[in-house]
Amino acid sequence: MAFLLKFLLIFAIFGAALGFLFNGRSSDSAKQGAAGGVLLAAFGLLQLFCFGILAIAGIWLVTRIF
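Residues numbered from 1 in each chain as written. Predicted model: local features only at pLDDT ≥ 70, side-chain atom pairs only at ≥ 80, totals over all residues. Heavy atoms only, no water.

Novice: Please explain the overall build of the protein as it appears in this structure.
Specialist: Along the backbone of the protein there are 2 helices and 0 strands. Since a compact globule built from 66 residues should have a radius of gyration of about 11 Å, the 17 Å found for the protein marks it as more spread out than a globular shape. Per-residue burial over the protein gives 15% buried out of 66 residues. Accessible surface, the protein: about 5300 Å² in total, of which carbon and sulfur atoms supply 80%. (Helix = DSSP H or I, 4+ residues; strand = E, 2+ residues; numbered from the N terminus. Rg over C-alpha atoms; globule rule 2.2 N^0.38 Å. Buried < 20%, exposed > 50% of the residue type's maximum accessible area, 1.4 Å probe, protein only. Areas by Shrake-Rupley, 256 points an atom, 1.4 Å probe, with all protein chains shown as cover.)

Novice: Hey, could you run me through the packing of aromatic side chains in this one?
Specialist: Within this structure, the stated rule accounts for 2 aromatic pairs. With 4.9 Å between their ring centres and 45° between their planes, F7 and F11 make a pair best called tilted. Taken together, the positions of F7 and F11, both in helix 1 (residues 2-22) and 4 residues apart, correspond to about one turn of that helix. Judged by its relative accessible area of 25%, F7 is partly exposed. Put simply, the rings of F3, F7 and F11 pair up and form one aromatic cluster. (Phe/Tyr/Trp six-rings, centres within 6.5 Å; stacked < 30°, edge-to-face > 60°.)

Novice: Can you help me understand the packing of helix 1 against helix 2 (residues 27-65) in this one?
Specialist: Any two packed helices are characterised by the angle at which their axes cross and by the distance between the axes. As a packed pair, helix 1 and helix 2 sit with axes 6 Å apart at the nearest point and diverge in direction by 140°. If you check the angle between helix 1 and helix 2, you find them oblique. With respect to the hand of their crossing, helix 1 and helix 2 are arranged in right-handed fashion. Judged by residue contacts, F3, L4, F7, L8, F11, A12, G15, A16, G19 and F20 of helix 1 engage S29, A30, G33, A34, G37, V38, L40, A41, A42 and L45 from helix 2. (Axes fitted to C-alpha atoms, helices over the stretch in contact; angles between N-to-C directions. Parallel < 35°, antiparallel > 145°, perpendicular 65-115°, else oblique. Left-handed = near helix turned anticlockwise from the far one by under 90°. Contact = heavy atoms within 4.5 Å.)

Novice: I would appreciate a short explanation of helix 1 in the present structure.
Specialist: Structurally, the α-helix is built with 3.6 residues per turn, so residues lying three or four positions apart point the same way. Spanning 21 residues, helix 1 covers 30 Å between terminal C-alpha atoms, matching the ideal 30 Å at 1.5 Å per step. On its buried face, helix 1 is in contact with helix 2. Count one or two residues on from helix 1 and you reach G24, which has phi positive near 110°. (Expected span 1.5 Å × (residues − 1).)

Novice: I tried to follow the side chain of S29 on my own but got confused; where do I start?
Specialist: Position of S29 relative to the elements: it lies in helix 2. A polar contact is formed between the side chain of S29 and the backbone oxygen of G19, at a distance of 3.4 Å. Not counting the four nearest positions on each side in its chain, S29 is found in contact with G19, F20, N23 and G24. (Polar contact = N/O pair within 3.5 Å; in protein donor to acceptor, adjacent residues only side chain to side chain.)

Novice: Would you mind going over the environment of F20 with me for this structure?
Specialist: Along the polypeptide, F20 turns up in helix 1. Each C-alpha atom of the pair F20 and G33 lies 7.3 Å from the other, and the pair is 13 residues apart in sequence. When near neighbours in sequence (up to four residues on either side) are disregarded, F20 contacts R25, S26, S29 and A30.

Nothing here speaks to function; it is geometry throughout.
Below, the structure is given as structure tokens:
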């Protein structure tokens, strides 16, 4: 659980910094960048989770075949 929170926090900080620097240097742009960073991190974690499930299913299938 700590990994998930750290991952989301790192992406939120990175998104806020990019939003602040490249989108007008206001607190609203930093908030929008942080929200975008969290969404990007959540999507990446979902993909990682699905990849893990598929890997486990593939290993299970290979053990059943051989």
